[in-house]
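As a plain string of letters, each chain reads:
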Amino acid sequence: MPLAVYILGLSVFALGTSEFMLSGLLPPIADDMNVSIPRAGLLISAFAIGMVIGAPLLAVATLRLPRRTTLIALISVFGLGQVAGALAPTYEVLFASRVVSAFACAGFWAVGAAVAIAMVPVNARARAMAVMIGGLSIANVLGVPLGAFLGENFGWRSAFWAVGAASAVALVGVTTLIPRIPLPEQKPRLKQEMSIYRDRQVWLSIVITALAAGGVFCAFSYLAPLLTDVAGLDSGWVPTVLALFGIGALVGTTIGGRVADAHLFGVLMSGIAASTVLLVALALFASSPVAVVGLSFLLGLSSFYTAPALNARMFNVAGAAPTLAGATTTAAFNLGNTSGPWLGGAVIDADFGFEATAWAGAAMMVLALVAVVCSLRLQGGGRTRRVTGSPAAVSSGASAKEGTPVRQGAAVEACADASPSAG
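Residues numbered from 1 in each chain as written. Predicted model: local features only at pLDDT ≥ 70, side-chain atom pairs only at ≥ 80, totals over all residues. Heavy atoms only, no water.

Some thoughts on helix 7 (residues 156-177)
For clarity, the threshold we go by: Here a helix means four or more residues in a row that DSSP labels H or I, a strand means two or more in a row labelled E, and each is numbered from the N terminus. Here, expected helix span is obtained from the residue count minus one, scaled by 1.5 Å. Think of it in three bands: with a 1.4 Å probe and only protein chains considered, a residue is buried below 20% of the maximum accessible area for its type, exposed above 50%, and partly exposed in between.
Taking 1.5 Å of rise per residue, 22 residues should cover 32 Å, and helix 7 covers 32 Å from first to last C-alpha, within 8% of that figure. Residues of helix 7 that are buried: Trp156, Ser158, Ala159, Phe160, Val163, Gly164, Ser167, Ala170, Gly173 and Val174.

This is the structure:
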(Lines give C-alpha, C1' and ligand atoms only; values in the text may rest on other atoms or scores of the structure.)
Protein backbone atom coordinates (compact mmCIF):
# COMPACT_ATOMS: atom_id res chain seq x y z
CA MET A 1 0.00 0.00 0.00
CA PRO A 2 1.60 3.34 -1.02
CA LEU A 3 2.57 5.70 1.79
CA ALA A 4 0.46 8.38 0.14
CA VAL A 5 -2.69 6.36 0.91
CA TYR A 6 -1.82 6.49 4.61
CA ILE A 7 -1.38 10.27 4.32
CA LEU A 8 -4.94 10.41 3.01
CA GLY A 9 -6.00 8.34 6.04
CA LEU A 10 -4.27 10.85 8.33
CA SER A 11 -6.15 13.66 6.62
CA VAL A 12 -9.43 11.81 7.10
CA PHE A 13 -8.62 11.54 10.81
CA ALA A 14 -8.71 15.36 11.02
CA LEU A 15 -11.86 15.54 8.88
CA GLY A 16 -13.66 12.87 10.91
CA THR A 17 -12.72 14.38 14.26
CA SER A 18 -14.19 17.72 13.21
CA GLU A 19 -17.35 16.08 11.87
CA PHE A 20 -18.19 14.07 15.00
CA MET A 21 -16.59 15.96 17.90
CA LEU A 22 -19.51 18.37 18.33
CA SER A 23 -21.58 15.62 19.96
CA GLY A 24 -19.43 16.11 23.08
CA LEU A 25 -19.21 19.91 22.83
CA LEU A 26 -22.85 20.99 22.46
CA PRO A 27 -23.50 22.10 26.09
CA PRO A 28 -20.46 24.43 26.33
CA ILE A 29 -21.09 25.79 22.82
CA ALA A 30 -24.75 26.46 23.68
CA ASP A 31 -23.74 28.26 26.90
CA ASP A 32 -21.02 30.33 25.25
CA MET A 33 -23.14 31.27 22.22
CA ASN A 34 -26.28 31.82 24.32
CA VAL A 35 -28.39 29.40 22.26
CA SER A 36 -30.36 26.29 23.15
CA ILE A 37 -28.81 22.84 22.87
CA PRO A 38 -31.19 21.87 20.01
CA ARG A 39 -30.09 24.98 18.11
CA ALA A 40 -26.46 24.14 18.81
CA GLY A 41 -27.25 20.67 17.48
CA LEU A 42 -28.06 22.26 14.13
CA LEU A 43 -24.30 22.68 13.73
CA ILE A 44 -24.09 18.89 13.36
CA SER A 45 -26.92 18.80 10.81
CA ALA A 46 -25.33 21.68 8.90
CA PHE A 47 -22.11 19.69 8.52
CA ALA A 48 -23.90 16.54 7.31
CA ILE A 49 -26.06 18.44 4.81
CA GLY A 50 -22.99 20.36 3.63
CA MET A 51 -21.30 17.02 2.97
CA VAL A 52 -24.26 15.76 0.94
CA ILE A 53 -24.37 18.88 -1.23
CA GLY A 54 -20.67 19.63 -1.32
CA ALA A 55 -19.38 16.24 -2.45
CA PRO A 56 -20.94 16.13 -5.94
CA LEU A 57 -20.78 19.91 -6.37
CA LEU A 58 -17.05 20.16 -5.70
CA ALA A 59 -16.36 16.95 -7.63
CA VAL A 60 -17.89 18.55 -10.71
CA ALA A 61 -16.24 21.94 -10.09
CA THR A 62 -12.76 20.36 -9.81
CA LEU A 63 -13.23 17.72 -12.50
CA ARG A 64 -10.52 19.11 -14.80
CA LEU A 65 -8.14 20.35 -12.10
CA PRO A 66 -4.98 18.46 -11.07
CA ARG A 67 -5.84 16.01 -8.27
CA ARG A 68 -2.90 16.86 -5.98
CA THR A 69 -3.47 20.61 -6.29
CA THR A 70 -7.16 20.12 -5.54
CA LEU A 71 -6.37 18.12 -2.38
CA ILE A 72 -3.96 20.81 -1.17
CA ALA A 73 -6.55 23.54 -1.72
CA LEU A 74 -9.33 21.60 0.02
CA ILE A 75 -7.36 20.61 3.14
CA SER A 76 -6.18 24.23 3.39
CA VAL A 77 -9.74 25.58 3.26
CA PHE A 78 -10.81 22.95 5.79
CA GLY A 79 -8.05 23.99 8.20
CA LEU A 80 -8.97 27.67 7.82
CA GLY A 81 -12.57 26.70 8.56
CA GLN A 82 -11.45 25.23 11.89
CA VAL A 83 -9.56 28.41 12.73
CA ALA A 84 -12.65 30.47 11.85
CA GLY A 85 -14.72 28.25 14.15
CA ALA A 86 -12.24 28.65 17.00
CA LEU A 87 -12.36 32.44 16.63
CA ALA A 88 -16.12 32.71 15.89
CA PRO A 89 -17.63 35.61 17.89
CA THR A 90 -21.25 34.61 17.18
CA TYR A 91 -23.33 31.52 16.50
CA GLU A 92 -23.93 32.66 12.93
CA VAL A 93 -20.21 32.85 12.18
CA LEU A 94 -19.67 29.43 13.76
CA PHE A 95 -22.53 28.02 11.67
CA ALA A 96 -21.00 29.45 8.49
CA SER A 97 -17.59 28.01 9.38
CA ARG A 98 -19.17 24.56 9.74
CA VAL A 99 -20.78 24.79 6.31
CA VAL A 100 -17.51 25.87 4.68
CA SER A 101 -15.62 23.10 6.50
CA ALA A 102 -18.22 20.54 5.40
CA PHE A 103 -17.89 21.53 1.74
CA ALA A 104 -14.10 21.23 1.91
CA CYS A 105 -14.37 17.95 3.81
CA ALA A 106 -16.78 16.52 1.24
CA GLY A 107 -14.58 17.57 -1.66
CA PHE A 108 -11.48 16.10 -0.04
CA TRP A 109 -13.26 12.79 0.60
CA ALA A 110 -14.45 12.60 -3.01
CA VAL A 111 -11.15 13.54 -4.66
CA GLY A 112 -9.05 11.70 -2.07
CA ALA A 113 -10.96 8.47 -2.65
CA ALA A 114 -10.42 8.78 -6.41
CA VAL A 115 -6.68 9.41 -5.84
CA ALA A 116 -6.38 6.41 -3.50
CA ILE A 117 -8.12 4.18 -6.03
CA ALA A 118 -5.87 5.46 -8.84
CA MET A 119 -2.68 4.66 -6.89
CA VAL A 120 -3.39 0.96 -6.29
CA PRO A 121 -4.18 -2.11 -8.41
CA VAL A 122 -7.80 -2.96 -9.00
CA ASN A 123 -7.62 -5.90 -6.60
CA ALA A 124 -6.46 -3.62 -3.75
CA ARG A 125 -9.25 -1.04 -3.94
CA ALA A 126 -11.06 -2.13 -0.79
CA ARG A 127 -7.80 -2.20 1.17
CA ALA A 128 -6.99 1.34 0.03
CA MET A 129 -10.44 2.52 1.07
CA ALA A 130 -10.03 0.67 4.38
CA VAL A 131 -6.98 2.83 5.12
CA MET A 132 -8.97 6.01 4.49
CA ILE A 133 -11.96 4.78 6.47
CA GLY A 134 -9.51 3.68 9.18
CA GLY A 135 -8.72 7.35 9.67
CA LEU A 136 -12.40 7.91 10.38
CA SER A 137 -12.46 4.97 12.81
CA ILE A 138 -9.44 6.31 14.69
CA ALA A 139 -11.16 9.71 14.81
CA ASN A 140 -14.02 8.02 16.68
CA VAL A 141 -11.64 6.16 19.01
CA LEU A 142 -9.19 8.99 19.76
CA GLY A 143 -10.19 12.26 18.12
CA VAL A 144 -13.75 12.59 19.42
CA PRO A 145 -12.94 11.68 23.06
CA LEU A 146 -9.88 13.97 22.91
CA GLY A 147 -12.08 16.79 21.60
CA ALA A 148 -14.49 16.25 24.51
CA PHE A 149 -11.56 16.26 26.96
CA LEU A 150 -10.16 19.49 25.54
CA GLY A 151 -13.60 21.09 25.60
CA GLU A 152 -14.14 20.06 29.21
CA ASN A 153 -10.75 21.30 30.46
CA PHE A 154 -9.72 24.12 28.11
CA GLY A 155 -12.96 25.29 26.50
CA TRP A 156 -14.68 24.13 23.34
CA ARG A 157 -12.61 26.41 21.12
CA SER A 158 -9.46 24.45 22.00
CA ALA A 159 -10.91 21.43 20.20
CA PHE A 160 -11.22 23.48 17.01
CA TRP A 161 -7.62 24.68 17.38
CA ALA A 162 -6.48 21.06 17.79
CA VAL A 163 -8.24 19.97 14.59
CA GLY A 164 -6.75 22.99 12.83
CA ALA A 165 -3.29 21.83 13.91
CA ALA A 166 -4.01 18.27 12.69
CA SER A 167 -5.12 19.76 9.36
CA ALA A 168 -1.78 21.59 9.08
CA VAL A 169 0.09 18.31 9.58
CA ALA A 170 -2.10 16.68 6.93
CA LEU A 171 -1.41 19.59 4.57
CA VAL A 172 2.35 19.03 4.89
CA GLY A 173 1.88 15.33 4.19
CA VAL A 174 -0.32 15.90 1.15
CA THR A 175 2.06 18.52 -0.26
CA THR A 176 5.19 16.40 0.14
CA LEU A 177 4.04 12.80 -0.30
CA ILE A 178 1.02 12.71 -2.63
CA PRO A 179 2.44 12.10 -6.13
CA ARG A 180 1.44 14.15 -9.11
CA ILE A 181 -1.25 12.18 -10.93
CA PRO A 182 -1.27 13.31 -14.56
CA LEU A 183 -4.55 14.21 -16.13
CA PRO A 184 -5.58 11.93 -19.01
CA GLU A 185 -4.88 13.11 -22.53
CA GLN A 186 -8.60 13.36 -23.09
CA LYS A 187 -9.89 15.62 -20.35
CA PRO A 188 -12.87 14.33 -18.39
CA ARG A 189 -16.19 15.62 -19.63
CA LEU A 190 -19.07 16.35 -17.31
CA LYS A 191 -21.55 14.70 -19.66
CA GLN A 192 -19.50 11.51 -19.67
CA GLU A 193 -19.13 11.52 -15.88
CA MET A 194 -22.84 12.17 -15.37
CA SER A 195 -23.68 9.18 -17.55
CA ILE A 196 -23.01 6.87 -14.59
CA TYR A 197 -26.39 7.91 -13.18
CA ARG A 198 -28.07 6.04 -16.03
CA ASP A 199 -26.89 2.80 -14.48
CA ARG A 200 -29.32 1.10 -12.10
CA GLN A 201 -26.40 -0.47 -10.27
CA VAL A 202 -25.12 2.98 -9.31
CA TRP A 203 -28.49 3.89 -7.81
CA LEU A 204 -28.67 0.58 -6.00
CA SER A 205 -25.22 1.26 -4.53
CA ILE A 206 -26.42 4.67 -3.34
CA VAL A 207 -29.49 3.08 -1.71
CA ILE A 208 -27.45 0.32 -0.07
CA THR A 209 -24.88 2.77 1.33
CA ALA A 210 -27.45 5.25 2.64
CA LEU A 211 -29.57 2.55 4.28
CA ALA A 212 -26.59 0.72 5.80
CA ALA A 213 -25.17 3.95 7.25
CA GLY A 214 -28.58 5.21 8.34
CA GLY A 215 -29.45 1.97 10.09
CA VAL A 216 -26.48 2.05 12.44
CA PHE A 217 -26.58 5.81 13.10
CA CYS A 218 -30.32 5.66 13.77
CA ALA A 219 -29.43 3.84 17.00
CA PHE A 220 -25.89 5.12 17.60
CA SER A 221 -26.96 8.77 17.65
CA TYR A 222 -29.14 8.07 20.70
CA LEU A 223 -26.84 5.57 22.40
CA ALA A 224 -26.03 7.94 25.28
CA PRO A 225 -29.62 8.32 26.56
CA LEU A 226 -30.22 4.61 25.95
CA LEU A 227 -27.23 3.81 28.16
CA THR A 228 -28.30 6.11 30.98
CA ASP A 229 -32.11 6.06 30.83
CA VAL A 230 -32.78 2.48 29.72
CA ALA A 231 -29.71 0.43 30.68
CA GLY A 232 -29.27 2.43 33.90
CA LEU A 233 -25.55 3.11 33.50
CA ASP A 234 -23.89 6.18 34.98
CA SER A 235 -23.17 8.98 32.50
CA GLY A 236 -19.46 8.41 33.07
CA TRP A 237 -19.79 5.19 31.07
CA VAL A 238 -20.85 7.00 27.91
CA PRO A 239 -17.35 7.98 26.66
CA THR A 240 -16.10 4.45 27.37
CA VAL A 241 -18.91 2.81 25.39
CA LEU A 242 -18.45 5.29 22.52
CA ALA A 243 -14.75 4.43 22.48
CA LEU A 244 -15.62 0.71 22.40
CA PHE A 245 -17.82 1.37 19.37
CA GLY A 246 -14.88 3.15 17.74
CA ILE A 247 -12.50 0.27 18.52
CA GLY A 248 -14.99 -2.13 16.99
CA ALA A 249 -15.20 0.13 13.94
CA LEU A 250 -11.41 0.08 13.55
CA VAL A 251 -11.28 -3.71 13.82
CA GLY A 252 -14.18 -4.09 11.39
CA THR A 253 -12.60 -1.75 8.85
CA THR A 254 -9.33 -3.66 8.97
CA ILE A 255 -10.98 -7.05 8.48
CA GLY A 256 -13.42 -5.82 5.84
CA GLY A 257 -10.68 -4.13 3.85
CA ARG A 258 -8.70 -7.37 3.60
CA VAL A 259 -11.65 -9.56 2.68
CA ALA A 260 -13.82 -7.33 0.48
CA ASP A 261 -11.58 -7.31 -2.60
CA ALA A 262 -12.06 -11.07 -3.03
CA HIS A 263 -15.58 -11.43 -1.59
CA LEU A 264 -17.32 -8.08 -2.03
CA PHE A 265 -20.93 -9.27 -2.05
CA GLY A 266 -20.18 -11.77 0.70
CA VAL A 267 -18.92 -8.95 2.92
CA LEU A 268 -21.94 -6.77 2.14
CA MET A 269 -24.48 -9.49 2.86
CA SER A 270 -22.81 -10.90 5.97
CA GLY A 271 -22.00 -7.48 7.45
CA ILE A 272 -25.45 -5.99 6.92
CA ALA A 273 -27.14 -9.18 8.15
CA ALA A 274 -24.95 -9.17 11.28
CA SER A 275 -25.77 -5.50 11.94
CA THR A 276 -29.48 -6.29 11.62
CA VAL A 277 -29.24 -9.08 14.20
CA LEU A 278 -27.19 -6.92 16.56
CA LEU A 279 -29.68 -4.04 16.35
CA VAL A 280 -32.57 -6.41 17.12
CA ALA A 281 -30.59 -7.75 20.09
CA LEU A 282 -29.91 -4.19 21.25
CA ALA A 283 -33.64 -3.44 21.19
CA LEU A 284 -34.50 -6.66 23.05
CA PHE A 285 -31.79 -6.39 25.72
CA ALA A 286 -31.59 -2.60 26.08
CA SER A 287 -32.21 -2.82 29.83
CA SER A 288 -29.13 -5.00 30.39
CA PRO A 289 -25.97 -2.89 30.90
CA VAL A 290 -23.62 -5.78 30.06
CA ALA A 291 -25.51 -6.60 26.87
CA VAL A 292 -25.62 -2.97 25.68
CA VAL A 293 -21.89 -2.47 26.23
CA GLY A 294 -20.97 -5.67 24.39
CA LEU A 295 -23.43 -5.04 21.56
CA SER A 296 -22.06 -1.51 21.05
CA PHE A 297 -18.60 -2.91 20.34
CA LEU A 298 -19.99 -5.58 18.00
CA LEU A 299 -22.19 -3.08 16.18
CA GLY A 300 -19.20 -0.85 15.50
CA LEU A 301 -17.36 -3.89 14.13
CA SER A 302 -20.17 -5.14 11.87
CA SER A 303 -21.16 -1.75 10.49
CA PHE A 304 -17.62 -0.64 9.58
CA TYR A 305 -16.77 -4.14 8.32
CA THR A 306 -18.95 -3.33 5.30
CA ALA A 307 -17.61 0.21 4.73
CA PRO A 308 -14.65 -0.70 2.47
CA ALA A 309 -16.92 -2.91 0.37
CA LEU A 310 -19.52 -0.16 0.03
CA ASN A 311 -16.85 2.25 -1.22
CA ALA A 312 -15.21 -0.27 -3.55
CA ARG A 313 -18.57 -1.31 -4.99
CA MET A 314 -19.36 2.24 -6.08
CA PHE A 315 -16.01 2.54 -7.86
CA ASN A 316 -16.60 -0.80 -9.56
CA VAL A 317 -20.01 0.15 -10.97
CA ALA A 318 -19.04 3.77 -11.74
CA GLY A 319 -15.49 3.24 -12.94
CA ALA A 320 -16.06 5.52 -15.93
CA ALA A 321 -16.37 8.47 -13.53
CA PRO A 322 -13.97 7.93 -10.62
CA THR A 323 -14.31 11.45 -9.20
CA LEU A 324 -18.09 11.44 -9.22
CA ALA A 325 -18.00 7.89 -7.84
CA GLY A 326 -16.16 9.12 -4.76
CA ALA A 327 -18.46 12.11 -4.45
CA THR A 328 -21.55 9.95 -4.79
CA THR A 329 -20.33 7.56 -2.09
CA THR A 330 -19.62 10.47 0.26
CA ALA A 331 -23.08 11.90 -0.36
CA ALA A 332 -24.71 8.49 0.13
CA PHE A 333 -23.02 7.91 3.48
CA ASN A 334 -24.07 11.34 4.69
CA LEU A 335 -27.62 10.80 3.48
CA GLY A 336 -27.61 7.89 5.88
CA ASN A 337 -25.96 9.96 8.62
CA THR A 338 -28.77 12.50 8.21
CA SER A 339 -31.79 10.24 7.68
CA GLY A 340 -30.89 7.69 10.35
CA PRO A 341 -30.80 10.15 13.29
CA TRP A 342 -33.94 11.83 11.90
CA LEU A 343 -35.81 8.51 11.92
CA GLY A 344 -34.52 7.76 15.40
CA GLY A 345 -35.73 11.13 16.64
CA ALA A 346 -39.12 10.52 15.03
CA VAL A 347 -39.69 7.24 16.87
CA ILE A 348 -38.59 8.85 20.14
CA ASP A 349 -40.97 11.76 19.61
CA ALA A 350 -43.71 9.18 19.00
CA ASP A 351 -43.08 7.89 22.56
CA PHE A 352 -41.78 4.48 21.50
CA GLY A 353 -38.73 4.86 23.73
CA PHE A 354 -35.00 5.01 23.10
CA GLU A 355 -34.79 1.27 22.42
CA ALA A 356 -37.13 1.79 19.45
CA THR A 357 -34.26 3.48 17.59
CA ALA A 358 -32.62 0.06 17.34
CA TRP A 359 -35.81 -1.44 15.86
CA ALA A 360 -35.97 1.39 13.32
CA GLY A 361 -32.29 0.92 12.48
CA ALA A 362 -32.83 -2.82 11.99
CA ALA A 363 -35.67 -2.05 9.57
CA MET A 364 -33.32 0.14 7.50
CA MET A 365 -30.75 -2.66 7.50
CA VAL A 366 -33.32 -5.16 6.21
CA LEU A 367 -34.09 -2.81 3.32
CA ALA A 368 -30.35 -2.48 2.65
CA LEU A 369 -30.03 -6.27 2.55
CA VAL A 370 -32.90 -6.50 0.05
CA ALA A 371 -31.13 -3.91 -2.13
CA VAL A 372 -27.90 -5.96 -2.01
CA VAL A 373 -29.79 -9.05 -3.19
CA CYS A 374 -31.36 -7.02 -6.00
CA SER A 375 -27.94 -5.73 -7.06
CA LEU A 376 -26.49 -9.24 -7.07
CA ARG A 377 -29.41 -10.60 -9.12
CA LEU A 378 -29.20 -7.68 -11.56
CA GLN A 379 -25.52 -8.44 -12.05
CA GLY A 380 -26.42 -12.04 -12.82
CA GLY A 381 -24.96 -13.62 -9.70
CA GLY A 382 -21.50 -12.17 -10.29
CA ARG A 383 -21.10 -12.45 -14.08
CA THR A 384 -18.69 -10.10 -15.77
CA ARG A 385 -20.04 -6.58 -15.85
CA ARG A 386 -18.96 -4.13 -18.56
CA VAL A 387 -18.73 -0.45 -17.87
CA THR A 388 -18.96 2.40 -20.33
CA GLY A 389 -15.76 4.39 -20.12
CA SER A 390 -13.11 6.47 -21.77
CA PRO A 391 -9.32 6.49 -21.72
CA ALA A 392 -9.65 8.65 -18.63
CA ALA A 393 -11.55 5.91 -16.90
CA VAL A 394 -9.03 3.29 -17.97
CA SER A 395 -6.04 5.30 -16.79
CA SER A 396 -7.62 5.89 -13.41
CA GLY A 397 -8.12 2.22 -12.75
CA ALA A 398 -11.70 1.50 -13.81
CA SER A 399 -12.50 -2.18 -13.98
CA ALA A 400 -14.63 -4.32 -16.22
CA LYS A 401 -15.15 -6.79 -13.44
CA GLU A 402 -14.65 -6.60 -9.70
CA GLY A 403 -11.16 -7.87 -8.97
CA THR A 404 -10.17 -7.99 -12.69
CA PRO A 405 -8.07 -5.26 -14.38
CA VAL A 406 -9.59 -3.63 -17.43
CA ARG A 407 -8.19 -4.11 -20.93
CA GLN A 408 -6.30 -1.01 -22.05
CA GLY A 409 -7.68 0.62 -25.19
CA ALA A 410 -9.61 3.52 -26.57
CA ALA A 411 -12.66 2.65 -24.53
CA VAL A 412 -14.08 -0.01 -22.31
CA GLU A 413 -16.83 -2.05 -23.91
CA ALA A 414 -20.38 -0.81 -23.68
CA CYS A 415 -22.62 -1.58 -20.71
CA ALA A 416 -24.15 -5.00 -20.74
CA ASP A 417 -26.45 -6.84 -18.35
CA ALA A 418 -26.29 -4.52 -15.33
CA SER A 419 -26.99 -1.25 -17.08
CA PRO A 420 -30.05 -0.13 -19.02
CA SER A 421 -29.62 0.97 -22.61
CA ALA A 422 -28.46 4.58 -22.82
CA GLY A 423 -29.19 4.91 -26.54
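Some thoughts on the pattern of salt bridges
Selection criterion: Salt bridges are counted wherever a side-chain nitrogen of Lys or Arg sits within 4 Å of a carboxyl oxygen of Asp or Glu.
Counting across every chain of the model gives 1 salt bridge. In this structure, the salt-bridge partner of Asp32 is Arg157, at a minimum N-O distance of 3.2 Å. Of this pair, Asp32 sits in helix 2 (residues 26-33) while Arg157 sits in helix 7, placing them 125 residues apart in sequence.

A few points about the side chain of Ser375
Let me state the cut-off plainly: Residue contacts follow a heavy-atom distance rule, with two residues in contact if any of their heavy atoms lie within 4.5 Å.
Note that Ser375 resides in helix 16 (residues 356-378). Under the relative-accessibility criterion, Ser375 is labelled buried at 1%. Excluding residues within four positions of it along the chain, Ser375 makes contact with Gln201, Leu204, Ile208, Phe265 and Arg313.

Some points on the packing of aromatic side chains
Threshold: Pairing of aromatic rings covers Phe, Tyr and the six-membered ring of Trp, with a centre-to-centre limit of 6.5 Å; geometry is then stacked below 30 degrees between planes, edge-to-face above 60, and tilted otherwise.
Here the structure, examined in full by the defined rule, presents 6 aromatic pairs. Plain terms: the ring middles of Tyr91 and Phe95 are 6.1 Å apart, the flat faces sit at 45 degrees to each other, and that makes the pair tilted. Taken together, the positions of Tyr91 and Phe95, both in helix 5 (residues 91-118) and 4 residues apart, correspond to about one turn of that helix. Judged by centre distance (5.8 Å) and plane angle (50 degrees), the rings of Tyr197 and Trp203 are tilted. Here Tyr197 falls in the partly exposed class, since its relative accessible area comes to 22%.

Thoughts on empty space enclosed by the protein
What counts is decided by this rule: Whether a set of points on the 1 Å grid over the protein atoms alone is a cavity depends on a 1.4 Å probe fitting there but being unable to get out, while an open set qualifies as a pocket with protein on both sides within 12 Å along at least five of seven lines; lining residues are those with an atom within 4 Å of a point. Grid points are joined across faces, edges and corners, and a volume is the space filled by probe spheres set on the points. Residues are sorted three ways: Asp, Glu, Lys and Arg are charged, Ala, Val, Leu, Ile, Met, Phe, Trp, Tyr, Cys and Pro are nonpolar, and all the rest, Gly among them, are polar.
This structure, assessed with the given rule, holds 5 cavities of 30 Å³ or more. Roughly 380 Å³ of internal volume is contained in the largest cavity. Surrounding the largest cavity, 27 residues form its lining, Leu136, Phe304, Ala307, Phe333 and Asn337 being those nearest its centre. Mapped by element, the contributors of at least two residues to the lining of the largest cavity are helix 1 (3-20), helix 5, helix 6 (125-154), helix 9 (200-220), helix 12 (264-284), helix 13 (289-305), helix 14 (307-317) and helix 15 (322-349). The greatest single-element share of the lining of the largest cavity, amounting to 6 residues, is contributed by helix 15. Looking at the lining of the largest cavity, its residues break down into 16 nonpolar, 10 polar and 1 charged.

Observations regarding helix 6
Our working rule: A residue's bend is given by the angle between axes fitted to the 7 residues ending at it and the 7 residues starting at it.
In a regular helix each residue adds 1.5 Å, so 30 residues correspond to 44 Å; helix 6 covers 41 Å between its end C-alpha atoms and thus fits that length. At Ala139, helix 6 shows its maximal kink, close to 45 degrees. At the exit of helix 6 stands Gly155, carrying a positive phi of roughly 95 degrees.

Notes on the packing of helix 4 (residues 67-87) against helix 5
Filter applied, for reference: To get an axis, a line is fitted to the C-alpha atoms, and for a helix only the part in contact is used. The angle between two axes follows their N-to-C directions and goes from 0 to 180 degrees. Note on angle classes: values under 35 degrees are labelled roughly parallel, values over 145 roughly antiparallel, values of 65 to 115 roughly perpendicular, and the remainder oblique. Should the near helix be turned anticlockwise from the far one by less than a right angle, the crossing is termed left-handed; should it be turned clockwise, right-handed.
Between helix 4 and helix 5, the shortest axis-to-axis distance is 8 Å and the interhelical angle comes to 155 degrees. With respect to their mutual orientation, helix 4 and helix 5 come out roughly antiparallel. Crossing geometry of helix 4 relative to helix 5 is assigned as left-handed. Across the interface between the two elements, Arg67, Thr70, Leu71, Leu74, Ile75, Val77, Phe78, Gly81, Gln82, Ala84 and Gly85 of helix 4 pack against Leu94, Ser97, Arg98, Val100, Ser101, Ala104, Cys105, Gly107, Phe108, Val111, Gly112 and Val115 of helix 5. The residue makeup of the contact of helix 4 with helix 5, split by class, is 13 nonpolar, 8 polar and 2 charged.

A short note on the side chain of Ser158
Filter applied, for reference: Any pair of N or O atoms that falls within 3.5 Å is considered a polar contact. Within protein, one atom must be able to donate a hydrogen and the other to accept it, and sequence-neighbouring residues count only if both atoms are side-chain atoms.
Along the chain, the position of Ser158 falls in helix 7. For Ser158, a relative accessible area of 17% puts it in the buried group. Within the local environment of Ser158, its side chain forms a polar contact with the backbone oxygen of Leu150, the two atoms lying 3.2 Å apart. Dropping the residues within four chain positions of it, Ser158 is found in contact with Leu150 and Gly151.

As for the confidence of the model for the protein
Stated formally: Each residue carries a pLDDT score, the predictor's confidence in it, ranging from 0 to 100.
Summing up the model confidence of the protein, the mean pLDDT is 80 and the portion of residues at 70 or higher is 85%. The secondary-structure element of the protein with the lowest mean pLDDT is strand 2 (residues 404-405), recorded at 32, while helix 12 shows the highest, at 95. Across residues 382-423, confidence stays below pLDDT 50; counting only partners more than four residues off in sequence or on other chains, it has 89 contacts.

Comments concerning unusual backbone geometry
Of note in the backbone geometry, Asn34 takes a positive phi value of approximately 60 degrees without being a glycine. With respect to the helices, strands and loops of the structure, Asn34 is situated in the loop between helix 2 and helix 3 (37-61).

Let's talk about the environment of Arg200
Tracing the backbone shows Arg200 in helix 9. Under the relative-accessibility criterion, Arg200 is labelled partly exposed at 42%. For Arg200 and Val317, which are 117 residues apart along the polypeptide, the C-alpha to C-alpha distance reads 9.4 Å.

Some remarks on the packing of helix 9 against helix 14
Interhelical geometry of helix 9 versus helix 14 gives an angle of 170 degrees and a closest axis separation of 9 Å. Here helix 14 runs roughly antiparallel to helix 9, going by the angle between their axes. Relative to helix 14, the crossing made by helix 9 is left-handed. Judged by residue contacts, Gln201, Val202, Ser205, Ile206, Ile208, Thr209 and Ala212 of helix 9 engage Leu310, Arg313, Met314 and Val317 from helix 14. Class assignment for the residues of the contact of helix 9 with helix 14 results in 7 nonpolar, 3 polar and 1 charged.

A look at a nonpolar patch on the surface
Short version of the rule: Patch members must show over 30% relative accessible area and no salt bridge, and they are joined within 9 Å when carrying like charges or within 5 Å when they are nonpolar side chains of Val, Leu, Ile, Met, Phe, Trp or Tyr. For accessible areas, the Shrake-Rupley method is used with a probe of radius 1.4 Å. Any residue's cover is judged against the shown protein chains and nothing else.
Residues Met1, Leu3, Tyr6 and Leu177 make up a contiguous nonpolar surface patch of roughly 380 Å² in combined accessible area. Note that Tyr6 resides in helix 1. We classify Tyr6 as partly exposed; its relative accessible area is 44%.

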